[in-house]
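# Topology and contacts: notes
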Amino acid sequence: QVQLVESGGGLVQAGDSLRLSCAASTPSFNMGWFRQRPGKEREFVAAISRDGRMTLFADSVKGRSTLSRDNAKRSVDLQMNSLKPEDTAVYYCAMRLLGAPSRSENEYDFWGQGTQVTVSS
(Lines give C-alpha, C1' and ligand atoms only; values in the text may rest on other atoms or scores of the structure.)
Protein backbone atom coordinates (compact mmCIF):
# COMPACT_ATOMS: atom_id res chain seq x y z
CA GLN A 1 0.00 0.00 0.00
CA VAL A 2 1.39 3.38 -0.99
CA GLN A 3 1.64 6.04 1.67
CA LEU A 4 2.47 9.66 1.00
CA VAL A 5 3.35 12.05 3.80
CA GLU A 6 3.66 15.79 3.34
CA SER A 7 5.70 18.00 5.61
CA GLY A 8 7.11 21.49 5.77
CA GLY A 9 3.96 23.50 6.13
CA GLY A 10 3.50 26.21 8.68
CA LEU A 11 2.76 29.85 9.32
CA VAL A 12 4.81 32.32 7.33
CA GLN A 13 4.63 35.94 6.29
CA ALA A 14 4.02 37.26 2.82
CA GLY A 15 7.25 37.30 0.86
CA ASP A 16 8.74 34.39 2.75
CA SER A 17 9.79 31.07 1.29
CA LEU A 18 8.81 27.57 2.21
CA ARG A 19 9.91 24.12 1.18
CA LEU A 20 7.33 21.38 1.21
CA SER A 21 8.37 17.76 1.12
CA CYS A 22 6.55 14.59 0.20
CA ALA A 23 7.88 11.24 1.31
CA ALA A 24 6.63 8.09 -0.37
CA SER A 25 6.64 4.60 1.07
CA THR A 26 7.47 3.12 -2.34
CA PRO A 27 9.50 4.20 -5.37
CA SER A 28 7.78 7.14 -6.93
CA PHE A 29 6.26 7.56 -10.35
CA ASN A 30 4.77 10.82 -11.54
CA MET A 31 4.33 13.07 -8.54
CA GLY A 32 2.07 16.04 -8.23
CA TRP A 33 1.28 18.80 -5.80
CA PHE A 34 -2.20 20.17 -5.34
CA ARG A 35 -3.67 22.61 -2.90
CA GLN A 36 -7.05 23.48 -1.50
CA ARG A 37 -7.53 27.09 -0.57
CA PRO A 38 -10.22 28.12 1.90
CA GLY A 39 -13.60 27.96 0.25
CA LYS A 40 -12.12 26.69 -3.01
CA GLU A 41 -11.85 23.38 -4.78
CA ARG A 42 -8.58 21.55 -4.87
CA GLU A 43 -6.33 22.86 -7.62
CA PHE A 44 -3.18 21.86 -9.39
CA VAL A 45 0.13 23.36 -8.29
CA ALA A 46 3.00 21.41 -9.83
CA ALA A 47 4.02 17.99 -11.08
CA ILE A 48 7.18 16.14 -11.99
CA SER A 49 7.85 13.05 -14.08
CA ARG A 50 9.40 9.89 -12.77
CA ASP A 51 12.82 10.78 -14.15
CA GLY A 52 12.54 14.45 -13.29
CA ARG A 53 12.87 15.60 -16.89
CA MET A 54 9.43 17.07 -17.16
CA THR A 55 7.81 19.48 -14.77
CA LEU A 56 4.52 21.32 -14.84
CA PHE A 57 3.53 24.39 -12.89
CA ALA A 58 0.31 26.23 -12.43
CA ASP A 59 0.38 29.81 -13.64
CA SER A 60 -0.20 30.95 -10.09
CA VAL A 61 3.17 29.61 -8.93
CA LYS A 62 5.24 29.45 -12.09
CA GLY A 63 8.37 31.56 -11.86
CA ARG A 64 8.53 31.48 -8.09
CA SER A 65 8.48 27.75 -7.47
CA THR A 66 10.81 24.88 -8.17
CA LEU A 67 10.21 21.17 -8.04
CA SER A 68 12.79 18.51 -7.42
CA ARG A 69 12.91 14.86 -6.55
CA ASP A 70 15.30 12.39 -5.05
CA ASN A 71 14.28 8.93 -6.10
CA ALA A 72 16.81 7.31 -3.81
CA LYS A 73 15.10 9.00 -0.88
CA ARG A 74 11.65 8.58 -2.40
CA SER A 75 10.94 12.23 -1.87
CA VAL A 76 9.70 15.22 -3.83
CA ASP A 77 10.23 18.81 -2.74
CA LEU A 78 8.29 21.88 -3.70
CA GLN A 79 10.14 25.12 -3.06
CA MET A 80 7.87 28.13 -3.00
CA ASN A 81 9.21 31.65 -2.86
CA SER A 82 7.58 35.05 -2.59
CA LEU A 83 4.62 33.55 -0.83
CA LYS A 84 1.36 35.41 -0.99
CA PRO A 85 -1.70 35.32 1.24
CA GLU A 86 -3.54 33.57 -1.57
CA ASP A 87 -1.07 30.70 -1.25
CA THR A 88 -2.71 29.83 2.03
CA ALA A 89 -4.03 26.31 1.60
CA VAL A 90 -3.69 22.71 2.51
CA TYR A 91 -1.07 21.27 0.20
CA TYR A 92 -1.32 17.67 -0.95
CA CYS A 93 1.11 15.48 -2.78
CA ALA A 94 -0.10 12.74 -5.06
CA MET A 95 1.26 9.90 -7.15
CA ARG A 96 0.22 8.94 -10.67
CA LEU A 97 1.26 5.48 -11.78
CA LEU A 98 0.55 5.74 -15.50
CA GLY A 99 1.28 8.20 -18.24
CA ALA A 100 2.90 11.57 -17.75
CA PRO A 101 2.59 14.27 -15.12
CA SER A 102 -0.89 15.67 -15.15
CA ARG A 103 -2.73 18.77 -14.02
CA SER A 104 -5.85 16.74 -13.31
CA GLU A 105 -6.34 15.38 -9.84
CA ASN A 106 -8.58 12.67 -11.25
CA GLU A 107 -5.59 11.03 -12.87
CA TYR A 108 -3.68 10.49 -9.65
CA ASP A 109 -3.87 7.24 -7.77
CA PHE A 110 -2.60 7.97 -4.28
CA TRP A 111 -2.80 10.97 -2.01
CA GLY A 112 -1.25 12.22 1.16
CA GLN A 113 -3.17 13.80 4.00
CA GLY A 114 -1.90 17.29 3.32
CA THR A 115 0.09 19.93 5.14
CA GLN A 116 -1.22 23.35 6.07
CA VAL A 117 0.44 26.47 4.73
CA THR A 118 -0.73 29.78 6.11
CA VAL A 119 0.63 33.03 4.72
CA SER A 120 -0.11 36.14 6.70
CA SER A 121 -0.38 39.53 5.07
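Just above sits the structure.
Residues numbered from 1 in each chain as written. Predicted model: local features only at pLDDT ≥ 70, side-chain atom pairs only at ≥ 80, totals over all residues. Heavy atoms only, no water.

Looking now at the overall build of the chain. From N to C terminus, the chain includes zero helices and eleven strands. Its helices and strands taken in sequence order, the chain reads β-β-β-β-β-β-β-β-β-β-β from the N to the C terminus. For a compact globule of 121 residues, the expected C-alpha radius of gyration is about 14 Å, and the chain comes in at 13 Å, within 12% of that figure. Across its three principal axes, the chain shows a C-alpha extent of roughly 40 × 25 × 25 Å. Taken over 121 residues, the chain has a buried fraction of 43%. Of the contacts made within the chain by residues no fewer than 6 positions apart, 58% connect residues no fewer than 24 positions apart. For the chain, the exposed area adds up to about 6400 Å²; of that, 46% sits on carbon and sulfur atoms. Charge-centre separation for the chain: the mean point of 15 positive side chains lies 4 Å from the mean point of 13 negative side chains. (Helix = DSSP H or I, 4+ residues; strand = E, 2+ residues; numbered from the N terminus. Rg over C-alpha atoms; globule rule 2.2 N^0.38 Å. Buried < 20%, exposed > 50% of the residue type's maximum accessible area, 1.4 Å probe, protein only. Contact = heavy atoms within 4.5 Å. Areas by Shrake-Rupley, 256 points an atom, 1.4 Å probe, with all protein chains shown as cover. Lys, Arg positive; Asp, Glu negative; His and termini not counted. Charge placed at Lys NZ, Arg CZ, Asp CG, Glu CD.)

So, about the environment of V45. Along the chain, V45 falls in strand β5 (residues 42-48). Note on V45: relative accessible area 1%, which makes it buried. Spatially, the C-alpha atom of V45 lies 9.4 Å from that of Y92, the residues being 47 residues apart in sequence. Aside from chain neighbours lying at most four places away, what touches V45 is W33, F34, R35, L56, F57, A58, V61, L78 and Y91.

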